[in-house]
Amino acid sequence: MIRLVILLSTLLGNYAYCQTIWHSAIARHRQGPRNLHGREHGWSAPIRQERQGRNDMTTTAARENIGFIGLGLMGHGIAKNIVDKGYPLTFLGRKNRKPAEDLHGRGAKEVATSREVAAASDIVFICVTGSREVEAIIRSPGGLKEGLKKGSVVVDCSTSDPTSTVALAAELNALGVDYVDAPLSRTPKEAWEGTLDAMVGAPDAVFARLKPVIETWAGRIVHIGDTGDGHRMKLLNNFISLGYAAIYSEALALAQKVGISPPRFDSVIRNGRMDCGFYQTFMRWTLEGDRDAHKFSIANAFKDLTYLESMAGAAGIANPLGNATKNSFATAFAAGPADQYVPMLATHVGKLNGVDLMPSKDGVKQKI
């Protein structure tokens, strides 16, 4: 009898132990796999973070109504990505109806005035040529200022004069509206793909609010500082890139003058230490006659360099290389036509020096 009692006790104890192990295994399975140190294995945490990210984006998309003004080469792609990724979008149409018709088909709403864009939106993006256009959009009759609500945000993605940016920020802050500069880098191709670079000038809390929306169209986002710093950094960025363009153009002209053709010049620079992504897109005009390789106009380049000159003057710094670069673009801008792009600077510099750098495409000499 005593042996039977001992046997039953042992069996019941093992059963309880097995149940404990079973429930523990179930709990671990629900939590996701863990390694020997009790931490989650690599795949589990990212999956939950991705799901959380989707939930956060859905919550933000439901909360924020987005407005957009400026459906140009860059703006159309940005606006397309915003609406495609779940945000309600209200936009201001323009004479070129193709972008508007495309956005209509994606579910966006068109209105007739900037004021109506503001009234329908919590966050308004502006992507136009520069400060003059931005100021008119905000201050003119029927402009944003007439429709903005307290607590809304205006984001200028244009390349603008930082002095104007700071003044507009103070003006709108008095109305309870935040003003942010988020200029862009890269080309319309990346705008359409949603992989632009953005340099954002904003207070920390405002940046945190905007970041999920900017992530719909930017692959790389740098919070560079407070309002105004985005445009300051953009001018420095363009000084470097446009400075490269001026150097490449003079180097190509000199090379041709001394008997080294553009293809031979390129055979040394490409894949060497002096190669870079900007060089490769710049050279596609001279080597291949590709007009659309880098669709950034000479007019906008010249405008940006005048902003750089103003910023350098206000800071009290000599900027001789910036001025030399500006003068190269000023000459090309004056020669026209209006729709020429930055890589065509090489053709202008060559012509000034008696060198023909006009490319051919499919055996046909190109024109600008």
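Preceding this section is the structure that the text describes.
### Considering the packing of aromatic side chains
By the definition in use, this model includes nine aromatic pairs. Put simply, the rings of Tyr244, Tyr248, Phe278, Tyr279 and Phe282 pair up and form one aromatic cluster. Sitting above the plane of the tryptophan 192 ring, lysine 80 keeps its charged end 4.6 Å from the centroid.

### Section: the pairing of strand 9 (residues 218-225)
Pairing geometry for strand 8 (residues 196-201) and strand 9, over six bridges, is parallel. Following the sheet pairing, aspartate 197 is matched in strand 9 by arginine 220. The handedness of the strand 8 to strand 9 crossover, carried by helix 9 (residues 204-214), is right-handed.

### Some points on helix 11 (residues 262-269)
For helix 11, the complete set of buried residues consists of Pro262, Phe265, Asp266 and Ile269. Along the long axis of helix 11, the arc covered by the buried residues comes to 95°, so they all point the same way. Turned more than 90 degrees from where helix 11 packs its buried face, Pro263, Ser267 and Val268 sit exposed. Elements in contact with the buried residues of helix 11: helix 10 (229-257) and helix 12 (277-288). After helix 11 finishes, the residue asparagine 271 shows a positive phi value of roughly 70°.

### Remarks on the nonpolar core
Among the nonpolar cores identified, the biggest contains 35 residues, and Phe68, Ile82, Phe125, Val155 and Trp217 are the most heavily contacted of them. Only strand 1 (66-69), helix 3 (75-84), strand 2 (89-92), helix 4 (97-105), strand 4 (123-126), strand 5 (153-156), strand 8 and helix 9 provide two or more residues apiece to this core. With five residues, helix 9 is the single largest residue contributor to this core. With near-sequence residues (within four places) excluded, isoleucine 82 lies in contact with Ile66, Phe68, Tyr87, Leu89, Phe125, Thr216 and Trp217. Core analysis: the second largest hydrophobic core is formed by 27 residues, Leu308, Val349, Val355 and Leu357 among them.

Analysis parameters
Residues numbered from 1 in each chain as written. Predicted model: local features only at pLDDT ≥ 70, side-chain atom pairs only at ≥ 80, totals over all residues. Heavy atoms only, no water. Phe/Tyr/Trp six-rings, centres within 6.5 Å; stacked < 30°, edge-to-face > 60°. Lys NZ or Arg CZ within 6 Å of the ring centre and 35° of its normal. Pairing = 2+ DSSP bridges. Helix = DSSP H or I, 4+ residues; strand = E, 2+ residues; numbered from the N terminus. Right-handed = clockwise from strand over helix to strand, strands pointing away. Buried < 20%, exposed > 50% of the residue type's maximum accessible area, 1.4 Å probe, protein only. Arc of directions from axis to C-beta. Contact = heavy atoms within 4.5 Å. Core = buried A, V, L, I, M, F, W, Y, C linked by side-chain atoms within 4.5 Å.

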